[in-house]
Amino acid sequence: METKNIMIVGVGGQGTLLTSRILGALFIQENLDVKLSEVHGMAQRGGSVVTFVRFGKKVHEPIVEEGCADILLSFERLEALRYLHYLKEDGILIVNDQRIDPMGVITEKEEYPENIFEELKKHRHFYPVDALAMAKDLGNVKVFNTIILGLLSRFLEFSEESWLKVIRETVPKKTIETNIKAFLWGRKGEQI
């Protein structure tokens, strides 16, 4: 298997790091080499958080270079636009339709860009999802990242059982049932 590159972007507190841990555990469980690299940009103040996840038969370095990500998984609209240049031309772009104003917008020094989705729609393999609304329907907004993982799972050739095993072993015990429902909703495209 050739090395595959996933880039996860979001804002501090959105669960990007838990998502990368779930992916890393999945790839290890499938006997693949995996490298993770996390970049925190003032995450506690709502700043950007970027995680690179590389997996394959043998992975030599953790960083994904610009234009080399097979999948860009974005938990927030502006972060997708900000890091779009990392995605391969034919890569998969999964974007949660959520707006979180960065500090510059909050302090009125910058404006939040309009029409972000119109720009992202130009990408051939663009998959928007309103995972936060789905998570609210499940009664726990914190599982929106697991819904996004479910959508991502449609593009990776690993069994549903493998995903569920890793989710059960990785998420907090009290949230296992809700996270499983969230994952299956994202994977199947319907509420379970």
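Per chain, residues are indexed from 1 in the order of the written sequence. Only residues with pLDDT of at least 70 are given local features in this predicted model, and only at 80 or more are side-chain atom pairs given and counted; all residues enter the totals for whole chains, interfaces and linings. Computation of side-chain values: all heavy atoms of the structure, hydrogens and water removed.

For the protein, the count of helices and strands is eight helices and six strands. Tracing the protein from N to C terminus, the helices and strands come up as β-α-β-β-β-α-β-α-α-β-α-α-α-α. Taking 2.2 N^0.38 as the reference for a compact globule, 192 residues should give roughly 16 Å; the C-alpha atoms of the protein span a radius of gyration of 16 Å, in line with that estimate. Expressed along its principal axes, the backbone C-alpha trace of the protein runs to roughly 45 × 40 × 30 Å. Across the 192 residues in the protein, those meeting the buried criterion constitute 49%. By sequence separation, contacts in the protein at least 24 residues apart represent 62% of the contacts at least 6 residues apart. Looking at the protein as shown, the accessible area adds up to about 9,900 Å², and 48% of this sits on carbon and sulfur atoms. Numbering goes from the N terminus for both helices and strands, where a helix is a DSSP run of H or I of at least four residues and a strand is a run of E of at least two. As a reference, a globule follows 2.2 Å times the number of residues to the power 0.38, and the radius of gyration itself is taken over C-alpha atoms. Exposure categories follow from relative accessible area, calculated using a 1.4 Å probe and restricted to protein chains: below 20% of the type maximum is buried, above 50% is exposed, and the middle band is partly exposed. Contacts are assigned to residue pairs with any non-hydrogen atoms lying within 4.5 Å of each other. Accessible surface area values rest on a Shrake-Rupley calculation with a 1.4 Å probe, where residue burial reflects the displayed protein chains alone.

Take the pairing of strand β1 (residues 4–11) next. Judged by how many residues are buried, β1 sits mostly within the fold: seven of eight residues are covered. Here a strand pair is declared whenever DSSP counts at least two bridges between the two strands. Note: β1 against strand β3 (residues 48–56), eight bridges, orientation antiparallel. Along β3, the bridge assignment pairs Ile8 with Thr51. Two strands pair when backbone bridges link them, and β1 and strand β4 (residues 69–74) are joined in this way by four bridges, in the parallel orientation. Across the sheet, Met7 pairs through a bridge with Leu72, a residue of β4.

Moving on to the environment of Glu61. Note that Glu61 resides in the loop between β3 and β4. Considered as a pair, Glu61 and Ser37 are 24 residues apart in the sequence and their alpha carbons are 9.2 Å apart. Every residue in contact with Glu61, bar those within four places of it in the chain, is listed here: Lys35 and Arg54.

This paragraph deals with the nonpolar core. We call a set of buried Ala, Val, Leu, Ile, Met, Phe, Trp, Tyr and Cys residues a nonpolar core when their side-chain atoms join them within 4.5 Å. Ranked by size, the top nonpolar core spans 39 residues in total, and within it Ile6, Leu23, Phe27, Leu152, Leu156 and Trp163 carry the most contacts. For this core, the element with the highest residue contribution is helix α6 (residues 144–153), accounting for six residues. Residue contacts for Phe27: discarding those within four places in its chain leaves Ile6, Leu32, Val34, Val53, Phe55, Leu156 and Phe158. Counting 20 residues, the second largest nonpolar core, distinct from the first, contains Val9, Val50, Ala69 and Phe126.

On to the packing of aromatic side chains, then. Stacked, edge-to-face and tilted are the three classes for Phe, Tyr and Trp ring pairs, Trp counted by its six-membered ring, which pair at centre distances within 6.5 Å; planes under 30 degrees apart are stacked, over 60 edge-to-face, the rest tilted. Taken as a whole, this structure holds nine aromatic pairs when the rule is applied. Taken together, a centroid distance of 6.2 Å and an interplanar angle of 50° make the contact between Tyr83 and Tyr86 tilted. Of the two residues, Tyr83 and Tyr86, both sit in the buried class. Here the aromatic rings of Phe117 and Phe126 are separated by 5.4 Å at their centres, their planes lie at 85°, and the arrangement is edge-to-face. One aromatic cluster in this structure is built from Phe27, Phe55 and Phe158.

Looking now at the pattern of salt bridges. By definition, a salt bridge exists where a carboxyl oxygen of Asp or Glu is found within 4 Å of a side-chain nitrogen of Lys or Arg. Across all of its chains, the model carries 11 salt bridges by this definition. Close ionic contact of Asp70 with Lys88 constitutes a salt bridge, the shortest N to O distance being 2.7 Å. Of this pair, Asp70 sits in strand β4 while Lys88 is found in strand β5 (residues 87–96), placing the two residues 18 residues apart along the sequence. The closest approach of N and O atoms between Glu169 and Lys165, which form a salt bridge, is 2.9 Å. Note that Glu169 and Lys165 are positioned in helix α7 (residues 160–170) at a spacing of four residues, about one turn of the helix. The class for Lys165 is partly exposed, based on a relative accessible area of 41%. Salt bridges here are not isolated pairs; linked through shared partners, they connect Asp33, Lys35 and Lys58.

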